[in-house]
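# Structural features, examined
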Amino acid sequence: MAKQLNLLETGQIVPTALHTEMQQSYLEYAMSVIVGRALPDVRDGLKPVHRRILYAMHELGLTPDRPFRKCARVVGDVLGKYHPHGDQSVYDALVRMVQSFSSRHPLLAGHGNFGSVDNDPPAAMRYTETRLSAIANESLLSEIGEATVDFIDNFDSSQQEPVVLPAQLPVLLLNGCSGIAVGMATNVPPHNLNEVVDGLVALIDKPDLSDEKLLKIIPGPDFPTGGEIIDCTGVEQAYRTGRGSIPVRGIVTIEEIQHKGRKRDKTALVITELPFQVNKASWIEKIADLVNQGKIEGIADIRDESDRDGMRVVIELKRDGNPHQILNDLYRLTPLKSNFGAIMLALVNNEPRQLSLRQILEEFLLFREQTLTRRYNHELEFAQGRLHILEGLLKALDQLDLVIDILRNAPDGTTAKIRFQEQLGISETQADSILAMPMRRITGLERQKLEKEVEELRTQIQQLELLLRDRNELLKYLKKELRSLKRKFGNERRTRILSESEVQNLPTPKAKSSQTKKTKAKAETEAAPLFQEKPGENAVLEITNTGYIYWTSPENATKTAYSLKRNEDFVTYSQPIQQQKQVAIITNGGKAYPISIEDIPSQTSIPKTLISLLPKSMQDSSDEIISYFLIPEKADTRDLILLTQQGKIKRLALSELEGLGNRGLMLVKLKEKDYLSHICWTQEDEDVIVATTGGRLLRLPIRNEQIPLMGRNAQGNQVSRLRAKEGFAGCVSVNSKNPDPVLLISEAGYMKRLEVDNLRFSARGDLGTQALQFTNKTDHLVAMVKAIPNSQVMLQTNQERGLCLDVDKVKIWSKDGVGDSYRKLKSEETIIQVTPLDY
């Protein structure tokens, strides 16, 4: 039997107390997890695994302009070169960088199944493909190299990897980060790129910027799944101290759902956005369990109608279900309202620190300044070296005969180099470059290229020296770089931040109906407060495109519109109430109904629709609302012009609306299958312009022989003969002496402003003037509105988008010509409706 080694005699055992060894080993393990795995670096906002994935993909050349590559190849490279851990952990990290519902600005682009908000697992890495996203390639890897950041050996010293990526944007704030280390955790919320860049620029301009002003620039997180932040106290605490609880809730709307074969519509709660990191499938399952347990009553059905266009969960209510009470139960009992626990913990100089918002921004700016300094020093050294070589080449070309003589008589290259140095007065490096110079450099064209490059290098060196010498110039370049990235990758905020009044007085955060006319007024009435706030003398009445009506204070009134996301409300009517007591609602059935100002809710209370405030007889009819206006308190000299779709036109005195009651008043007698289509105000000394969908315009003076005043029971006169498949597209009234132009917009997006003086006067029954030509036979005039200076119109398209148009930006054309094409329309997108914004 072999002789055993006696360890006690060799002296290789070091006595150590057990608690000391456990303490030291655990501390080393904890620091390894903290620094090497769980916490992000404040400089580039990445954990080691994310940094290694991005760098490995950069080495593989997986840039946004290159084809996708299998994720298995990327994972294999990361494991073999930089990250000796499990392949599934690397793939999970890669998947999260692709998911648009996990990252506010995804750093990777993907092909294939990368999971869903329902917590569906991604496909195996052998099926999915990936490459770098544009923002990751430009803002994290475009400057990678030893000249900008430090590199260290990988785990087996066979490769070099960057300690940190030369980030040009604070990814820690943009995408956030979550991780659990030993004894500590981090949970940084994502933010909006535009706001973060604005905050960085503000800190560059004014380093002692107050926290209050910084919080106005960056008001709160911007989660990729949207939602609403309902209390800014937690946001402010997190931004000031690095830790806080941020309450977030989903976006809910109230809609009336129509079903075939069903006489009554059903009220439904429609959820289009959930709080960040809420599993939709689990949330729906929890609601079903609560309904089965009797904890939530009034729900008839739950359907998930989500698709590629976005999330849509429909919760149909029973006939006696109160939508506001049920919504409050969902907030209280389900994750539809949840808290995001912000812990802004990151590594600063390899030490974990809890940071405020200001500290994160300052640490990033310090790192970016150091990176730029290193980069410019490297570029300066390279430019100076290159200039030194070119100056030697030019000196040789100036004394070309001497150079040739030296080369002819030198026995070898070493002797020639020494003679170059002695006789031309150049350095060893310059002499080497002359010996390596090809014969084509002797030509005149090549000499010009060398001289041009020398001038460019001298200019570059001068600029680099200025940047390195003057910190203000360096910071100017940094601001320019940040603003450029903002223009390329910035987008609108997704998460709304509600004010205190909105949270307290608005149980449904964004209630609106679908495009159907009917609304369940009973549910709104049941949820209304017993005592409703009354509008003051300076209150402003506002009505939205989806029919919601409310009054608000002048400082909160709508001042301008904007481009909209799909299905978003916008204000179409905003006028001071003053002494008026009623709003007139005009339907396509030719009737007018009143709404009392006292019945209209404030902007901060429970929202109501126009339909819900009208008599039940109107709610049960098939008529649609086409116009509304405040009824003047005193006698008014203006009249109403009423135009039906079959071409009947009449002028009605406004005094005919006196005595308007809940039964309504018939304003015009309609033939069978005819309906009221357009209404406008007019008075003496004005002209009425009527437009057809075929692009014809008729200009009629307001005179009794042309458009006489008629009573409410009159049908009106025929204004023009219509051609086949032609209808009426608009009716406006203009001043006869100094008229505003009119704006013409076609279905295909062609538009122009037209001076009214270009139109000849017509008589009833005339064909009018052809004022708009069409490039496509299927195109037609959608709308004609008055082109009031400094006004706006909202264009609604067949793809459910709203596009705001400044009227003044449309060019003035003559009556000949098609106008200008609206370039914001997408492929196969057409304009279906034009709404003047009456502010």
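Residues numbered from 1 in each chain as written. Predicted model: local features only at pLDDT ≥ 70, side-chain atom pairs only at ≥ 80, totals over all residues. Heavy atoms only, no water.

Counting its regular elements, the protein chain contains 22 helices and 41 strands. For the protein chain, the C-alpha radius of gyration of 36 Å lies well beyond 28 Å, the compact-globule estimate for 839 residues. With the C-alpha coordinates of the protein chain rotated into their principal frame, the extents come out at 115 × 85 × 50 Å. Taken over 839 residues, the protein chain has a buried fraction of 49%. Considering only contacts within the protein chain whose residues lie at least 6 apart along the sequence, 71% involve residues at least 24 apart. Computed over 108 positive and 111 negative side-chain charges, the separation of the two mean positions in the protein chain equals 6 Å. (Helix = DSSP H or I, 4+ residues; strand = E, 2+ residues; numbered from the N terminus. Rg over C-alpha atoms; globule rule 2.2 N^0.38 Å. Buried < 20%, exposed > 50% of the residue type's maximum accessible area, 1.4 Å probe, protein only. Contact = heavy atoms within 4.5 Å. Lys, Arg positive; Asp, Glu negative; His and termini not counted. Charge placed at Lys NZ, Arg CZ, Asp CG, Glu CD.)

Tallying each qualifying case throughout the model produces 49 salt bridges. Ionic pairing is found between Glu316 and Arg303, a salt bridge with its closest N-O pair at 2.7 Å. Here the residue Glu316 occupies a position in strand β13 (residues 313–317), and Arg303 occupies one in strand β12 (residues 299–304), the gap between them amounting to 13 residues. Taking the relative accessible area as the measure of exposure, Glu316 reaches 3% and is therefore buried. Residue Arg303 is classed as partly exposed on the basis of its relative accessible area of 21%. Residues Arg312 and Glu305 are paired through a salt bridge, measuring 2.9 Å at the closest nitrogen-oxygen approach. (Salt bridge = Lys/Arg side-chain N within 4 Å of Asp/Glu carboxyl O.)

This part is about unusual backbone geometry. Positive phi outside glycine occurs at Asn119, with the angle close to 70°. Tracing the backbone through its elements, the reader meets Asn119 in the loop between β2 (108–111) and β3 (129–132). Taking the relative accessible area as the measure of exposure, Asn119 reaches 60% and is therefore exposed. Despite not being glycine, Gln277 shows a phi value in the positive range, around 70°.

Two numbers describe how helix α14 (residues 400–409) lies on helix α15 (residues 413–424): the axes approach to 10 Å, and their chain directions differ by 150°. One way to sum up the angle between α14 and α15 is to call them roughly antiparallel. At the point where α14 passes α15, the crossing takes the right-handed sense. For the pair α14 and α15, the contacting residues are Leu402, Val403, Ile406, Leu407 and Asn409 in the first and Ala416, Arg419, Phe420, Gln423 and Leu424 in the second. (Axes fitted to C-alpha atoms, helices over the stretch in contact; angles between N-to-C directions. Parallel < 35°, antiparallel > 145°, perpendicular 65-115°, else oblique. Left-handed = near helix turned anticlockwise from the far one by under 90°.)

The next thing to look at is the sheet that holds strand β38 (residues 802–806). With respect to topology, three strands assemble into an open sheet ordered β38-β37-β41, the strand pairing being antiparallel. The sheet terminates laterally at β38 and β41 (831–836), the two strands that pair on one side only. Direction aside, neighbouring strands of the sheet carry axes that sit 25° apart on average. Summarising the sheet, strand β37 (residues 792–797) and β41 pair through five bridges and their orientation is antiparallel. The partner of Val793 across the bridge, within β41, is Pro836. (Pairing = 2+ DSSP bridges.)

Turning our eyes to something else, we now look at the packing of helix α8 (residues 193–205) against helix α13 (residues 357–398). One way to put it is that α8 packs onto α13 with a least axis distance of 10 Å and a crossing angle of 75°. The orientation of α8 with respect to α13, classified from their angle, is roughly perpendicular. Contacts from Val196, Leu200, Leu203 and Ile204 in α8 reach Arg358, Leu361, Phe364 and Leu365 in α13. The residue inventory of the contact of α8 with α13, partitioned by class, reads seven nonpolar, no polar and one charged. (Nonpolar A, V, L, I, M, F, W, Y, C, P; charged D, E, K, R; others polar.)

This part takes up the environment of Val49. Its location among the elements puts Val49 in helix α3 (residues 48–59). Looking at Val49, the relative accessible area reads 12%, which means it is buried. With 40 residues separating them in the primary sequence, Val49 and Ser89 have C-alpha atoms 8.9 Å apart.

Take the sheet that holds β12 next. A sheet is described by the order of its strands in space; here four strands give the open sequence β10-β11-β13-β12, paired in antiparallel fashion. In this open sheet, the two strands that pair with only one neighbour each are β10 (251–257) and β12. Averaged over all adjacent pairs, the angle separating strand axes in this sheet is 25°, with direction ignored. As paired elements, strand β11 (residues 266–273) and β13 share four bridges and run antiparallel to each other. Residue pairing for β13: Ile271 is matched across the bridge by Val313. The sheet strands contacting helix α12 (residues 323–333) are β10, β11, β12 and β13, and the helix crosses β11 at an angle near 35°.

What follows concerns the confidence of the model for the protein chain. Looking at the protein chain, the pLDDT average stands at 86 and 92% of residues meet or exceed 70. Taken as a whole, residues 505–532 scores under 50 in pLDDT and shows 96 contacts with residues more than four places along the chain or in a different chain. (pLDDT = per-residue confidence, 0-100.)

The next subject is the pairing of strand β19 (residues 548–552). Most of β19 is tucked away, with five of its five residues classed as buried. Residues Tyr548, Tyr550 and Thr552 line one face of β19 and the alternating positions Ile549 and Trp551 line the opposite face, and both faces are buried. Pairing analysis gives four bridges linking strand β18 (residues 540–544) to β19, with the strands arranged antiparallel. The partner of Val540 across the bridge, within β19, is Thr552. The hairpin turn running from β18 into β19, its antiparallel successor, is three residues long, and Gly547 in that turn takes a positive phi close to 90°. One ladder, built from two bridges, connects β19 with strand β23 (residues 608–609); its direction is antiparallel. Counted as the bridge partner of Tyr548 is Thr609 from β23.

Moving on: the environment of Glu658. Secondary-structure assignment places Glu658 in the loop between β26 (648–653) and β27 (665–666). Residue classification places Glu658 among the exposed residues on the basis of a relative accessible area of 63%. As a C-alpha pair, Glu658 and Asp120 span 538 residues in sequence and 63 Å in three-dimensional space.

Below, the discussion takes up the pairing of strand β16 (residues 351–354). In the sheet, strand β15 (residues 345–348) pairs with β16 via four bridges, with the strands oriented antiparallel. When the sheet's bridge partners are listed, Val348 is paired in β16 with Glu351. Counting the residues between successive antiparallel strands, the hairpin from β15 to β16 contains two residues, one of them, Asn349, with a positive phi of roughly 55°.

Take the nonpolar core next. Here is a general trend for soluble globular proteins: nonpolar side chains tend to be buried in one another's company. In terms of nonpolar packing, the biggest core is built from 108 residues, with Ile53, Leu54, Leu94, Leu107, Leu108, Leu140 and Leu361 touching the most fellow members. At 16 residues, the largest contribution of residues to this core is made by α13. In contact with Ile53, not counting residues within four places along its chain, are Val74, Val78, Val90, Ala93, Leu94, Met97 and Leu108. Counting 36 residues, the second largest nonpolar core, distinct from the first, contains Ala539, Ile585, Leu610 and Leu640. (Core = buried A, V, L, I, M, F, W, Y, C linked by side-chain atoms within 4.5 Å.)

So, about α15. With 12 residues, α15 extends 16 Å between its outermost C-alpha atoms, agreeing within 8% with the 16 Å of an ideal straight helix rising 1.5 Å per residue. Those residues of α15 hidden inside the fold are in contact with α13, α14 and α16 (428–435). One or two steps after α15, the chain reaches Gly425, where phi turns positive at roughly 65°. (Expected span 1.5 Å × (residues − 1).)

With the rule as written, the count across this model stands at eight aromatic pairs. Note on Tyr376 and Tyr477: the rings are 5.8 Å apart at their centroids and 75° apart in plane angle, and the pair reads as edge-to-face. On the criterion of sequence distance, the pair formed by Tyr376 in helix α13 and Tyr477 in helix α18 (residues 471–489) is long-range, its members being 101 residues apart. By relative accessible area, Tyr477 is classed as partly exposed at 29%. An aromatic cluster is built from Tyr55, Tyr82 and Phe151, whose rings are joined through pairwise contacts. Over the aromatic face of Trp681 sits the side chain of Arg638, whose NZ or CZ is 4.1 Å from the ring centroid. (Phe/Tyr/Trp six-rings, centres within 6.5 Å; stacked < 30°, edge-to-face > 60°. Lys NZ or Arg CZ within 6 Å of the ring centre and 35° of its normal.)

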